Amino acid sequence: MKKPKFIVENVAILSLTPLVALIGVPWYGIVSGYTLFEWSMFFVFLMSTGLAITAGYHRLWSHRTYKAHAIIRVFYALFGAASLQNSILHWSADHRNHHRYVDDLTKDPYSAKRGFWFSHIGWILRAYPSGKHDIAELKDLQRDPIVRWQHRWYIPLAIFMNLGLPLFLGYLHNRLWGTFFLAGILRMVLNHHFTFFINSLAHMWGSQSFSTDNSARDNGFLAIFTYGEGYHNFHHRFQSDYRNGIAWYHYDPAKWLIRTLSWIGLADGLKTMSPFQIEKAKILVQREKALRNLEKNNTLAHLQQSLEEKYHQAIQALEAWSAASQEWQQKMRAKVEKGSKALADLHMKERYQEMKLNFQNHMVEWKRLCAQLSTVAA
Ligand SMILES: [Zn+2]
Ligand SMILES: [Zn+2]
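Note that the coordinates shown come from a computational prediction; the quantities given were computed from them, not determined experimentally.

Student: Describe the pattern of salt bridges, and please don't skip the residues or the numbers.
Tutor: On inspection of all chains with the given rule, the structure shows 13 salt bridges. The partner of arginine 59 in a salt bridge is aspartate 252, and the shortest N-O contact between them spans 3.0 Å. Pair noted here: arginine 59 is in helix H2 (residues 36–62) and aspartate 252 is in the loop between helix H11 (232–237) and helix H12 (253–263), with a separation of 193 residues, a long-range link. Each member of the pair arginine 59 and aspartate 252 is classed as buried. Arginine 96 is paired through a salt bridge with aspartate 140; the nearest N and O atoms lie 2.9 Å apart. Of this pair, arginine 96 sits in helix H4 (residues 88–100) while aspartate 140 sits in helix H6 (residues 139–142), and the two are 44 residues apart along the sequence. Here arginine 96 matches aspartate 140 in class, with each residue buried. When salt bridges that share partners are traced, they join Arg59, Glu229 and Asp252 into one network.

Here it is as C-alpha cells:
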C-alpha cells in the first residue's frame, strides 16, 4: 500500500514544539525562572484544553452524550482550537469513523492494529487516506452555529489561543515570554501526547471487562493523564454514556465537569446506561473468558454444564432485579404525578431489595466458578 504524503504543517508543529519544550522551556527557566502566576496559567491551560477535547469535542459533539449551554460550547470551541487537534468537525468525523470501523486497518483513521506509532501520532503526520475528512456527513453538528464558526475561523482562533492569549497574559504579568513557554508550548506538547495516548495506549494496555469485540482497554493509571478517558473499554461498549469511569472513585474529571455543569443549569440531557445493561455486558465477557478457559484444559469439561446453569441463573436474577426496579420507579412516578407525597408501596421497595440480594448471591457463585476455571486453566 502506497503511503499518503506527509502534511508539512503537522510534521513541523509536532516536531518543533517538543523541541522547544525540551530546550527552550528549561533554558528560559534557568535564565529567568518561572513565577507562580506562570505555573498557574500552565495548569489552567492544560486542564482547559484537555477538558475541551474530552468533555467537548469527544463526549458532547462526537457522541452527543449530553447538551451544553452556548457559553460552555464557546469555551470548548476556543480551548479546543488551543489544543491544536483540528476543528470540532474534523475531529468528530475522524472519531465517529474510529468507532464505526474500530481496529479496521484502512477505515479506522487511527487503528491500533497498525501499531503504537501509527495510532499515537503517525496517522496525523500524513494526509488523510481518502483525501478528505467526511465532515459533510455530520449534519447534526453542522446545525450548531458555534461549530460552524469555529471551523471557519479555526486557524486565526488557534493562533490567538496559542500565541496571542499567552503573550497578552504575559504582558499583563510584566513578563512577556514565561506564560508563552509554559501555558503555550509546554502545555501544548503535554496535551497533545496525553490525548494521543487514548488512541494508542488505551487500545493496548489494560483490562477488557465490558467487551472483547475490539482492542479498547480500561486503565485507571492512564485515566490520570487522559482527563478520565482511560476507561476506554467501557467507552467503546457504551459510547452514548457521558461517563467513561463509572464508579465514583474512577478518576474522570470530564464526567465531574459535565455533572457539575448540569447542577448549575449549564448542561442537561446527560445520558447513562442502566446498571443492568452494564452488569449484563460484564457477565457476557466473564462467560466468554470462562468458556475460553474450558477450551484450554479438557480436564475441566465436567464444569461446562454447571457454568451454563450458573450463567442462566445470574442473567435471570439480573432481569428479575431490573423488572422490580422498573416497577418500583413506575409506581413512584405515578404517585408523584398524582401529587401524593407518599412513597411507593413498601411492598415494591421490599421486592426490589429482595431481587437485588438474590442477584448478588447468584453473582457470588458465578464469580467463584469463573475464578476456579481461570486458576485451573492457568
Ligand atoms: Zn469515543
Ligand atoms: Zn478508541
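Student: Help me get a handle on the environment of valine 102, residues and values and all.
Tutor: With respect to the helices and strands, valine 102 occurs in the loop between H4 and helix H5 (116–125). With a relative accessible area of 21%, valine 102 lands in the partly exposed category. Placed eleven residues apart in sequence, valine 102 and lysine 113 show a C-alpha to C-alpha distance of 9.3 Å. For valine 102, the residues in contact, after removing those within four places along its chain, are Asn97, Asp108, His203, Asn214 and His236.

Student: Requested: an account of the coordination of the zinc ion (ligand 1), with residues and values cited.
Tutor: Taken together, His58 (NE2), His63 (NE2), His95 (NE2), His99 (NE2) and His235 (NE2) make up the protein donors of the zinc ion (ligand 1), found 2.0 to 2.2 Å from the metal. A distance of 5.9 Å spans the gap from the zinc ion (ligand 1) to the zinc ion (ligand 2). Of the two residues, histidine 58 is situated in helix H2 and histidine 95 in helix H4; the sequence distance between them amounts to 37 residues. Take histidine 58: its relative accessible area is 1%, and that puts it in the buried class. The class of histidine 95 is buried, set by a relative accessible area of 3%.

Student: With reference to specific residues and values, describe the coordination of the zinc ion (ligand 2).
Tutor: Bound to the zinc ion (ligand 2) are the protein donor atoms His98 (NE2), His203 (NE2), His232 (NE2) and His236 (NE2), situated 2.1 to 2.2 Å from the metal. Coordination at the zinc ion (ligand 2) is irregular: its four donor atoms span angles of 93 to 161° at the metal. Each donor residue of the zinc ion (ligand 2) belongs to the same chain, with the gaps between them written as H-x104-H-x28-H-x3-H.

Thresholds applied
- Residues numbered from 1 in each chain as written.
- Chains lettered and ligands numbered in written order.
- Predicted model: local features only at pLDDT ≥ 70, side-chain atom pairs only at ≥ 80, totals over all residues.
- Heavy atoms only, no water.
- Salt bridge = Lys/Arg side-chain N within 4 Å of Asp/Glu carboxyl O.
- Helix = DSSP H or I, 4+ residues; strand = E, 2+ residues; numbered from the N terminus.
- Buried < 20%, exposed > 50% of the residue type's maximum accessible area, 1.4 Å probe, protein only.
- Contact = heavy atoms within 4.5 Å.
- Donors = N, O, S within 2.8 Å, 3.2 Å for Na, K, Ca; no water.
- Tetrahedral: all angles 85-135°; square planar, octahedral: opposite > 155°, others 65-115°.

What is shown is where atoms sit, not what they do.
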